[in-house]
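If you want the building blocks of each chain, they are given just below.
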Amino acid sequence: MSTFVLAAPIAGKSKEAEIKRINKELANIRSKFKGDKALDGYSKKKYVCKLLFIFLLGHDIDFGHMEAVNLLSSNKYTEKQIGYLFISVLVNSNSELIRLINNAIKNDLASRNPTFMCLALHCIANVGSREMAEAFASEIPRILVAGDTMDSVKQSAALCLLRLYKTSPDLVPMGEWTSRVVHLLNDQHMGVVTAAVSLITCLCKKNPDDFKTCVSLAVSRLSRIVSSASTDLQDYTYYFVPAPWLSVKLLRLLQCYPPPEDAAVKGRLVECLETVLNKAQEPPKSKKVQHSNAKNAILFEAISLIIHYDSEPNLLVRACNQLGQFLQHRETNLRYLALESMCTLASSEFSHEAVKTHIETVINALKVRGVGVKCSLLIQNHKTKSSLLQHLDSASNASLSVAILAEKYAVDYSWYVDTILNLIRIAGDYVSEEVWYRVIQIVINRDDVQGYAAKTVFEALQAPACHENMVKVGGYILGEFGNLIAGDPRSSPLVQFNLLHSKFHLCSVATRALLLSTYIKFINLFPETKATIQEVLRSDSQIRNADVELQQRAVEYLKLSSIASTDVLATVLEEMPPFPERESSILAKLKKKKGPGAGSELDDGKKEPGAEINGGMEPSASTASTPSPSADLLGLRAAPPASLAAPTSAGNLLVDVFSDSPAAAPGLAPGTDENFLRTECLLMPPPYQPGESKAGLGPPVPWAGEMGWFVCKNNGVLFENQLLQIGVKSEFRQNLGRMYLFYGNKTSVQFQSFTPTRLPQLNIQTKAVDPLVEGGAQVQQVLNIECLSDFTLAPLINIKFRYGGTLQNITLKLPITLNKFFQATEMQSQDFFQRWKQLSLPQQESQKIFKANHPMDPEVTKAKLLGFGSALLDKVDPNPDNFVGAGIIQTKSLQVGCLLRLEPNAQAQMYRLTLRTSKEAVSRHLCELLSEQF
Amino acid sequence: SFTGLANQTFCTVLLYKNSPSLKTRESEDIQQQIIRETFHLVSKRDENVCNFLEGGLLIGGSDNKLIYRHYATLYFVFCVDSSESELGILDLIQVFVETLDKCFENVCELDLIFHVDKVHNILAEMVMGGMVLETNMNEIVTQIDAQNKLEKSETFIFQSPRQDR
């Protein structure tokens, strides 16, 4: 063909060469078209074809339309065909040429030449504009049902009509032809039947009664196909499957109607469906994938029909089992389709039980089968899946993995935001906090999606009933970025506020607290809302709210908004800084779920309180670790309200622990340490240690890093949050110890069912504590400790109590380390070296060289070593700068002698620590504990 | 609905649109964008993952699906609405390829580039306005042969294309 002439020189050359060549060609064609000499049909066809080819290569074409239209009126097939092709591909439906084109089509339709008629029908279907529908919608049904129309034309006419009906249903008149169309189901020609079924399936949705007779015809047709031998249908047999496309279409059509009322028809249909299910169990007639594909296409439609009828329990169970098999199939496509069907199945009455038996399979199909599979399934199917899993009761896990995968495979972040918001909308109950925290984290960190996110949540909140998690996300995002959409009058500040506030009263305390914070942020973002918001804050339902948290926020925010200057307000309520990029919180959550054990509420608990000041806190850390019901996401609490004289007794309590402590602790370490220690604990919280949870030490425990402070000290604040403070005093002798824990209620509300329980490890005896802790009060618990043998893991204590309505759950490490049972031993230089030499086996020694983390003050070092429990031996080491110590670890079962040597190198700011004991594990553990102190 | 064909470098060789909606609502820029995005999506996928992609906004929302098949150096992508069976379309792609193979005798990528119009004709016999028209390969081949004959008889009357250049 002529295109070849053009294509040959173009293909394979560089882009510039191609463009140059094409521009030259375009100029040539243009001049030919404009030339005085009338072109003959062949040349016209050739140039139009070239233009088409150039267009398909991706270049703009702005001429040649008229020549193409001229080709339509040619009586040469090839010319006409190229003309139609050009028009189908290139002509806009609103082009002024449409009138000319319509004219040519009309002629061809009337030509009674089947080839020309088909070309015309194709063109109508491909353009399918309203103008075309207006011109031909009444003509085509006539062609379709005329007795003398050729099969191929009928086929095209059916689909052409369908196309027009899809674009402009109002223009296609129903009438006498409809009953005749139904009878096309009996047509000899399978192609005609296939096209007719497509048409009827679409038409009968609007006018079921007009086409009711199609059900029995479709059933008999289906029955003939299904029961036919694989060779009966000759050309319409595809890889040994008789007429798969037609079968699929017929089964689809039947899904538009309820089960047939006529018993005979129904019996025949059930028989068909059984045959289809039976065939699935037969050995395949071919190993080719096409064979099984075609077979399964029919099978899936049959299953859909069974689910649609929902009236044949036997078939339903079989269908369900078949789907169960597909869920484990190695072909991804089948698993995908099976999941989709399973989802509709799960909502049907009869099958609920049957589906339940496949829960495991479903979950496994989702989890086990390689990440690629999983993600493709989940991402495309997250809607399906979450609704499916609502029936399967384990959705929180699943929604989590959906969220993770969505993040992992996110094309762009706006897509991610969409997906997660969708997830919240569909399965809000199953979306754990980590998921929505993560959205916020992402939005805060990417300024390119902030506007989009604000707009999207604003739209999502328009829904009359939206999930509380959506309100949370909405409150948070609008509070931060509402200004980005405030320019649009439809989402002006007041509209935003009213929208959020309309949800306020339906929400839980935690969400309301968050919304209050949003409001104060609004005052900063939009000064014009100040009066309205202050009015809301001032109302009795806020300022006198029974919930102390809400009341406090309302009072403080109201005060803040009225006394603070704009500058102060702007600083206090500044936009949240980006979160530090680290592992997605949801990923962390999933990891933990896989890990053993409880304490999961506490995940990233060891997060610095200082970070709360302007909300540097990562969402995951906030509520998860803080047992406060008011997750302080907006990070407002810590700084300004406190300075506005919040009437809490928190501060005093802290001092109480130490000043009022019972005199019951004889022989405690010097009192001067206590203040120092306390301030240290509060001001220098331990660094976050991401490796914690992976180390196989069991669930991560908050304030674990604090343990360091207790290695060399016996007293201090073990734990503190907004509700509770726990102080410790302890003493140890030989292998015995006694520890006093002081639980202080920092709030003004009573804690109920307060139960600290020690997790079993050491032999520790505790006395039960009164289950009620009054607001502002403090209770004391005594622990008697006996060390049975050497150990490395600190014992845990778990504290549960009710505050307000919510259960708080805290797990802590008790500050009991092996060195607490260290008894100092004085000895002479000679003895020391003799024992040192005795402990010369490599496993008896543990050595560590490390950088100094604190100023290298010999006096402090001395105090630490003494606090550690060893005796300090003077004049043993020839180098006076070095420290040498000795002692015995006392346990019930054995005593372990320990020698240690610490060599500071002030120049390099390094230490070398050497421990020798008779037990390898003890050497190693003590060395680790002690090396972290300097 | 549309049919697309791309080689491994993911520049589209052929895009055949059956859907009027693509033309009326969207400019050619958007069409190009659809092509780019579709092939971006498809090309990233492993061999062993699902061949169905639920529609993004660009291809008309969730009612539409991308169904693709990978043959040697070529990707065949169909975009269809929910009235079509996924596996059915997958088979239809196979029929399309087998038909191409019959019409071109051991079809290769270059055949498809140099005979765009022919490929369109074959596709037009199978798909019309985005809907399945004919699935019987022999029937399609017969139609195409008849067209070729017509073409030859007409061309014969005129001069050969070589001279005309």
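Note on numbering: residues in each chain are counted from 1, in written sequence order. Chain letters start at A and ligand numbers start at 1, both assigned in the order the entries are written. Predicted model: local features are reported for residues with pLDDT of at least 70 only, side-chain atom pairs are reported and counted for 80 or more only, and whole-chain, interface and lining totals are derived from all residues. Neither water nor hydrogens contribute to the side-chain values; these are computed over all heavy atoms in the structure.

## Describing the overall build of chain A
Phase 1 of the analysis: From N to C terminus, chain A includes 41 helices and 16 strands.
Phase 2 of the analysis: If you take every contact in chain A between residues at least 6 apart in sequence, the share linking residues at least 24 apart comes to 68%.
Phase 3 of the analysis: Accessible surface computed for chain A: about 39400 Å², of which carbon and sulfur atoms make up 52%. To qualify as a helix, a DSSP run of H or I must reach at least 4 residues; to qualify as a strand, a run of E must reach at least 2; elements of each kind are numbered from the N terminus. In this analysis, two residues are considered to be in contact whenever any of their non-hydrogen atoms come within 4.5 Å of each other. A 1.4 Å probe and the Shrake-Rupley method give the accessible areas. Residues count as covered only by the protein chains that appear here.

## Brief notes about the overall build of chain B
Phase 1 of the analysis: Secondary structure summary: chain B contains seven helices and seven strands in total.
Phase 2 of the analysis: For chain B, with 165 residues in total, the buried portion stands at 58%.
Phase 3 of the analysis: Contacts in chain B between residues at least 24 apart in sequence constitute 44% of all its contacts with a sequence separation of at least 6.
Phase 4 of the analysis: Summed over all atoms, the accessible surface of chain B reaches about 6900 Å², with 51% contributed by carbon and sulfur. Classification of residues uses two cut-offs on accessible area relative to the type maximum, computed with a 1.4 Å probe and protein chains only: under 20% is buried, over 50% is exposed, and between them is partly exposed.

## Notes on the side chain of Glu903(A)
All names here are of chain A.
Phase 1 of the analysis: Here Glu903 lies in strand β15 (residues 895-905).
Phase 2 of the analysis: We classify Glu903 as buried; its relative accessible area is 15%.
Phase 3 of the analysis: Glu903 has contacts with Asn882, Met910, Tyr911, Arg912 and Thr914, leaving out every residue within four places of it along the chain.

## Some thoughts on the pairing of strand β14 (residues 883-890) of chain A
Residue and element names in this part refer to chain A.
Phase 1 of the analysis: Judged by how many residues are buried, β14 sits mostly within the fold: seven of eight residues are covered.
Phase 2 of the analysis: In short, DSSP must find at least two bridges between two strands for them to pair. Summarising the sheet, strand β11 (residues 822-824) and β14 pair through three bridges and their orientation is antiparallel. Looking at β14, one finds that Ala824 is bridged to Gly887.
Phase 3 of the analysis: Pairing of strand β13 (residues 871-872) with β14, which is carried by two bridges, proceeds in the antiparallel orientation. Opposite Ala871, over in β14, you have Ala886 as the bridge partner.
Phase 4 of the analysis: Bridging between β14 and β15 involves eight bridges; their strand directions are antiparallel.

## Overview of the pattern of salt bridges
Pairing between side chains becomes possible if they bear opposite charge and their charged atoms approach one another.
Residue and element names in this part refer to chain A.
Phase 1 of the analysis: Just to be clear on terms, a salt bridge is a Lys or Arg side-chain nitrogen sitting within 4 Å of an Asp or Glu carboxyl oxygen. On inspection of all chains with the given rule, the structure shows 22 salt bridges over all chains.
Phase 2 of the analysis: One salt bridge in this structure joins Glu845 and Arg916, with 2.8 Å as the shortest N-O distance. Taken as a pair, Glu845 in strand β12 (residues 845-851) and Arg916 in strand β16 (residues 910-917) lie far apart in primary sequence, 71 residues in all.
Phase 3 of the analysis: By relative accessible area, Glu845 is classed as partly exposed at 28%.
Phase 4 of the analysis: Overlapping salt bridges, with partners in common, bring together Arg21, Glu25 and Lys50 in one network.

## Things to note about a negative patch on the surface
All names here are of chain A.
Phase 1 of the analysis: Each patch is assembled from residues with relative accessible area greater than 30% and no salt bridge, linking like charges that lie within 9 Å and nonpolar side chains (Val, Leu, Ile, Met, Phe, Trp, Tyr) that lie within 5 Å. Counted charges follow a simple rule, with Lys and Arg positive, Asp and Glu negative, and His plus the chain ends left uncounted. To locate a charge, the coordinates of NZ of Lys, CZ of Arg, CG of Asp or CD of Glu are taken. Judged by side-chain charge, Asp447, Asp448, Glu574 and Glu575 come together as a negatively charged surface patch.
Phase 2 of the analysis: Here Glu574 shows up in the loop between α32 (566-572) and α33 (585-594).
Phase 3 of the analysis: Relative accessible area serves as the criterion here: at 42%, Glu574 is assigned to the partly exposed category.

## A few points about helix α5 (residues 116-126) of chain B
Phase 1 of the analysis: Most of α5(B) sits out of view: ten of its eleven residues are buried.
Phase 2 of the analysis: Burial in α5(B) covers these residues: Val116(B), Asp117(B), Val119(B), His120(B), Asn121(B), Ile122(B), Leu123(B), Ala124(B), Glu125(B) and Met126(B).

## Observations concerning the nonpolar core
All names here are of chain A.
Phase 1 of the analysis: We call a set of buried residues a nonpolar core when its members are Ala, Val, Leu, Ile, Met, Phe, Trp, Tyr or Cys and they connect through side-chain atoms within 4.5 Å of each other. Membership of the largest hydrophobic core comes to 139 residues, with the highest contact counts inside it found for Ile101 and Ile105.
Phase 2 of the analysis: Excluding its chain neighbours within four sequence positions, the residues that come into contact with Ile101 are Val69, Leu72, Ile87, Val91 and Met132.
Phase 3 of the analysis: Grouped together as the second largest cluster of nonpolar side chains are 54 residues, Leu723, Phe754, Ile797 and Ile889 included.

## Describing the packing of aromatic side chains
Residues and elements named next belong to chain A.
Phase 1 of the analysis: Two aromatic rings from Phe, Tyr or Trp, using only the six-membered ring of Trp, form a pair when their centres are within 6.5 Å; if the ring planes differ by under 30 degrees the pair is stacked, by over 60 it is edge-to-face, and anything between is tilted. In this structure the tally under the stated criterion is 18 aromatic pairs over all chains.
Phase 2 of the analysis: With centroids separated by 5.2 Å and ring planes inclined at 45 degrees, the aromatic side chains of Tyr911 and Phe934 adopt a geometry described as tilted. Pair noted here: Tyr911 is in strand β16 and Phe934 is in the segment after α41 (920-931), with a separation of 23 residues, a long-range link. The two residues Tyr911 and Phe934 agree in class, both being buried.

## Details of the packing of helix α3 (residues 86-104) of chain B against α5(B)
All names here are of chain B.
Phase 1 of the analysis: Orientation is described by axes fitted as lines to C-alpha atoms, over the contacting stretch for helices, and by angles from 0 to 180 degrees between their N-to-C directions. The geometry of α3 relative to α5 is characterised by a closest axis approach of 11 Å and an angle of 135 degrees between their N-to-C directions. Comparing their axes, α5 and α3 come out oblique. Of the two possible hands of crossing, α3 and α5 adopt the one that is right-handed. For the pair α3 and α5, contact is made by Leu92, Val95, Phe96, Thr99, Leu100, Cys103 and Phe104 and by Lys118, Val119, Ile122, Leu123 and Met126, respectively.
Phase 2 of the analysis: Each residue is assigned to one class: nonpolar for Ala, Val, Leu, Ile, Met, Phe, Trp, Tyr, Cys and Pro, charged for Asp, Glu, Lys and Arg, and polar for all the others, Gly among them. A class-by-class count of the residues in the contact of α3 with α5 yields ten nonpolar, one polar and one charged. Here the word oblique covers every angle except those under 35 degrees (roughly parallel), over 145 (roughly antiparallel) and from 65 to 115 (roughly perpendicular). What makes a crossing left-handed is the near helix being turned counterclockwise from the far one by less than a right angle; a clockwise turn instead makes it right-handed.

## Describing the environment of Val876(A)
Residue and element names in this part refer to chain A.
Phase 1 of the analysis: Among the structural elements, Val876 can be located in the loop between β13 and β14.
Phase 2 of the analysis: Its relative accessible area of 6% is what places Val876 among the buried residues.
Phase 3 of the analysis: Here the alpha-carbon distance between Val876 and Gln828, two residues 48 residues apart in the chain, equals 7.3 Å.

## Let's talk about unusual backbone geometry
Residue and element names in this part refer to chain A.
Phase 1 of the analysis: Of note, the phi angle at Tyr239 is positive, near 45 degrees, even though the residue is not glycine.
Phase 2 of the analysis: Even without a glycine there, the phi angle at Ala243 is positive, about 35 degrees.
Phase 3 of the analysis: For Ala243, the position within the fold is in the loop between β2 (241-242) and α14 (244-254).

## Considerations on the confidence of the model for chain A
Residue and element names in this part refer to chain A.
Phase 1 of the analysis: The predictor's confidence in any single residue is recorded as pLDDT, a number from 0 to 100. Per-chain confidence: chain A averages 73 in pLDDT, with 73% of residues scoring 70 or above.
Phase 2 of the analysis: Within chain A, the lowest mean pLDDT, 31, falls on helix α37 (residues 672-683), and the highest, 92, falls on α14.
Phase 3 of the analysis: Below pLDDT 50 for its whole length, residues 1-12 participates in 28 contacts with residues either more than four positions away or in separate chains.
Phase 4 of the analysis: Taken together, the stretch residues 366-400 has pLDDT below 50 and engages in 92 contacts with residues farther than four places along the chain or on a different chain.

## What to know about the packing of helix α2 (residues 15-34) of chain A against helix α3 (residues 41-56) of chain A
Residues and elements named next belong to chain A.
Phase 1 of the analysis: Between α2 and α3, the least distance of the axes is 11 Å, while the angle of their chain directions is 150 degrees. Regarding α2 and α3, the two cross each other, and that crossing is left-handed. Here Ile22, Glu25, Leu26, Ile29, Lys32 and Phe33 of α2 come into contact with α3, specifically with Tyr47, Val48, Lys50, Leu51 and Ile54.
Phase 2 of the analysis: A breakdown of the residues in the contact of α2 with α3 according to their chemical character gives eight nonpolar, no polar and three charged.

## Concerning the side chain of Gln290(A)
Phase 1 of the analysis: The residue Gln290(A) is located in helix α16 (residues 289-309) in this model.
Phase 2 of the analysis: Between N or O atoms, a polar contact is any pair within 3.5 Å; within protein, one atom must be a potential hydrogen donor and the other a potential acceptor, and residues adjacent in sequence are included only when both atoms are from side chains. Engagement of the side chain of Gln290(A) in a polar contact is seen with the side chain of Gln94(B), the distance being 2.8 Å.
Phase 3 of the analysis: Apart from residues lying up to four places away in sequence, Gln290(A) is in contact with Tyr238(A), Tyr239(A), Arg69(B), Asp91(B) and Gln94(B).

## Some points on helix α28 (residues 509-525) of chain A
Residue and element names in this part refer to chain A.
Phase 1 of the analysis: A helix's residues, less one, multiplied by 1.5 Å, set its expected span. End to end, α28 covers 24 Å across 17 residues, agreeing with the expected 24 Å (1.5 Å per residue, within 8%).
Phase 2 of the analysis: Counting buried residues along α28, twelve of its 17 residues qualify, which places the element largely inside the surrounding structure.
Phase 3 of the analysis: For α28, the full list of buried residues reads Thr511, Ala513, Leu514, Leu515, Leu516, Ser517, Thr518, Tyr519, Ile520, Lys521, Phe522 and Ile523.

## Some thoughts on the confidence of the model for chain B
Residues and elements named next belong to chain B.
Phase 1 of the analysis: Mean pLDDT over chain B: 71, with 67% of residues reaching 70 or higher.
Phase 2 of the analysis: For chain B, per-element mean pLDDT is lowest for helix α1 (residues 20-25), which scores 39, and highest for α3, which scores 87.
Phase 3 of the analysis: In the model, residues 17-26 has pLDDT below 50 throughout and makes 40 contacts with residues more than four positions away in sequence or in other chains.
Phase 4 of the analysis: Note that residues 158-165 has pLDDT below 50 and, in this model, ten contacts with residues that lie over four places away or in other chains.
Phase 5 of the analysis: For this predicted complex, the interface confidence score (ipTM) comes to 0.82, while the overall pTM stands at 0.53.

## Description of the environment of Ile67(B)
Phase 1 of the analysis: Among the secondary structure elements, Ile67(B) is positioned in strand β4 (residues 64-71).
Phase 2 of the analysis: Taking the C-alpha atoms as reference points, Ile67(B) and Asn51(B), 16 residues apart in sequence, are found 5.7 Å from one another.

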